[in-house]
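Residues per chain, in single letters:
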Amino acid sequence: MKLVPFQMERWQSTWEHRVEFNLSESGVEPLPLRELLREEAAIDRFLNHPLAYSQGNGTPELRSSIASLYPGTTPDHVLVTNGSSEACLLALWHLVEPGDEVVLLLPNYMEGWGLIQMFGGKVRPLWLREDLGWQFDPAELATLVNRRTKAIAVCNPNNPTGAVMAEAQRRAVLDAARDAEAWLLSDEVYTGAEREGPRTESLWGGYERTLVMNGLSKAYALPGLRIGWVIGPPETIATLWAFHDYTTLTPTYLSDRLAQIALSPGRREEILGRTRSILQRNYGLLSEWIAGHGPLFTHIPPVAGAICFLRYGLPINSSDLAWRLLKEKSTLIVPGDQFGMDGYIRIGMGHAGPYLSEGLARIDGVLRALAAEKGAP
Ligand SMILES: Cc1ncc(COP(=O)(O)O)c(C=O)c1O
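What counts and what doesn't
Residues numbered from 1 in each chain as written. Predicted model: local features only at pLDDT ≥ 70, side-chain atom pairs only at ≥ 80, totals over all residues. Heavy atoms only, no water. Phe/Tyr/Trp six-rings, centres within 6.5 Å; stacked < 30°, edge-to-face > 60°. Helix = DSSP H or I, 4+ residues; strand = E, 2+ residues; numbered from the N terminus. Buried < 20%, exposed > 50% of the residue type's maximum accessible area, 1.4 Å probe, protein only. Pairing = 2+ DSSP bridges. Axes fitted to C-alpha atoms, helices over the stretch in contact; angles between N-to-C directions. Near = heavy atom within 4 Å. Polar contact = N/O pair within 3.5 Å; in protein donor to acceptor, adjacent residues only side chain to side chain. Areas by Shrake-Rupley, 256 points an atom, 1.4 Å probe, with all protein chains shown as cover.

Draft legend 1. Local environment of the packing of aromatic side chains. Per the counting criterion, the structure on display carries ten aromatic pairs. Summarising the aromatic geometry, the rings of Phe21 and Tyr355 are spaced 5.1 Å apart at their centres and angled 55 degrees between planes, so their arrangement reads as tilted. A residue pair is termed long-range when its members are at least 10 positions apart, and Phe21 in strand 1 (residues 21-22) and Tyr355 in helix 13 (residues 355-373) qualify at 334 residues. Look at Phe21 and you get buried, because its relative accessible area is 7%. The rings of Trp134, Phe309, Phe339 and Tyr344 are connected pair by pair, giving a single aromatic cluster.

Structure (C-alpha cells):
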C-alpha cells in the first residue's frame, strides 16, 4: 500500500515535544491525573487496578455512559477505540473500496483525506468558504454526490476553522446522504468545546446510515487517555469491532476506567465548563493580539475548538513562515499548506497561563524580521 503522508501529524509528531512554544496543539491544557481522580480513596482504588487486557469494545459501563450522550442508542451502538483517530481509521477501512468516492468536507483534520486515497477511494472535496462564514455551499454538495458516493465525511465543529455547521448545511448533508444511500461520517471531537453559544448538535439520529466519531482528546482535555468512540447501527458497530481486532484489540484498562470518571454526569459538565473558560479567556487574548496587527490578519472568530485559523497578508508561503518560526523562535504553528490552503496559519489557543502570550511574542519577532527584510516601515 502506498503511503499518503499525513502532513500535519508528521509535522506535529516530529516537533511538538522539541519546541519551546507549541502553538500547533488543537486541544486545551490537559487535565492532570490527580485532578481527575481527586479523592485519596479514588487514587488508592486506581493504584490497585491490574494492568490487564480490558474489554475489547469498551467496558459496558463506559459504553453505557457514552450511549447516554446520543438519544436512542444503547451500549451496542458504541465501540470504544484508541482515540477518535482510530475510530476514523476503522470506519474508512471498512467502508472504502477501490473506486469508491467519498465527499470530504475541507479543510479538515486531514486523516480522512489520506486514508480514503490509501484504501483506493477518490476524494471529492467539498470546500468550506470563508465568504460564507466557513460554511459550504449546499448547491456544490449536490454536484458532488452520485451513485459512486460511498460516504460523505464531515468534521463538525470544524478543524481548523472552528465553524459549526448551520442548519441549512446540516439538512443538505443529511438529504444528500439519504438520496445517495451513502454513509454519513461525522467527526464531532470538538463538540463540547464551544467558546460560546449552544452545544453543537450531533448528526446522530438524522439518518440511519450514520457513524459518529468522537472522543476525550479535545473538549474533555484528556488526549493522553487515547479514548475515542464510534456510534453507529449495532450491526455495523459489531463489524468495526472485528476490524478493531486487527488494530489495537482493546482500549487500555486504565484509560477505560478513567474515561468512566470523566463522563460521569457531574464531572463531565465540570470538565466542559473548564474548557469553555480557558477558551473564552484565551480567545480574548488572541483576538487582541490579532487586532493589534491591523490589516495583517483577518479571521472569522471560531465558534468551537481551541484553534484559530488566520489569513495573513504577507508575501511568504505558509510552510516557509512556519519553518522560520520553528527554526528562529522554537515555536510551532500549523501552516495552511497542510490543509491545502496557503496564505493561512492555524494557532492553538488552549494553553494555560502566560504560555500563549509568550508564544505570540515569538511570532511577533518573526513578523518584525519579515517586515524589515521587505523594507516595510
Ligand atoms: C477533528 C479531529 N479529529 C480527530 C482527531 C484525532 O484525535 P484523537 O485521536 O486524539 O481523538 C483530531 C486531533 O487533532 C482532530 O482535530
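Draft legend 2. Here's a closer look at unusual backbone geometry. Across the junction of Leu106 and Pro107, the peptide omega takes the value -5 degrees, indicating a cis bond. Its location among the elements puts Pro107 in the loop between strand 3 (101-106) and helix 6 (111-118). In this model, Asn156 is joined to Pro157 through a cis peptide bond whose omega is -5 degrees. Positionally, Pro157 belongs in the loop between strand 5 (149-155) and helix 8 (167-180). Although it is not a glycine, Glu181 sits at a positive phi angle of roughly 50 degrees. Relative to the assigned elements, Glu181 resides in the loop between helix 8 and strand 6 (183-187). The backbone of Arg226 sits at a positive phi, close to 55 degrees, despite the residue not being glycine. With respect to the helices and strands, the residue Arg226 is situated in the loop between strand 7 (210-215) and strand 8 (227-231).

Draft legend 3. Main features of the sheet that holds strand 5. Within the open sheet, the seven strands sit side by side as 2-8-7-6-5-3-4. Their pairing is mixed. The open sheet terminates on both sides in strands that have one partner only, identified here as strand 2 (78-82) and strand 4 (122-127). On average, each strand axis in the sheet is tilted by 20 degrees relative to the strand beside it, whichever way the strands run. Bridge analysis of strand 3 against strand 4 gives six bridges, and the strand direction is parallel. Counted as the bridge partner of Glu101 is Lys122 from strand 4.

Draft legend 4. Just the site of the ligand, in detail. Of all residues adjacent to the ligand, which total 13 residues, the nearest are Ser84, Ser85, Asp187, Ser217 and Arg226. Here an oxygen atom of the ligand and a side-chain polar atom of Ser84 are 2.6 Å apart. Take Ser217: an N or O atom from its side chain is 2.7 Å from an oxygen atom of the ligand. Relative to its free-state accessible area of 390 Å², the ligand is covered by the protein chains to the extent of 95%. Counting residues per element, the shell around the ligand draws most heavily on helix 5 (residues 83-95), which supplies three residues.

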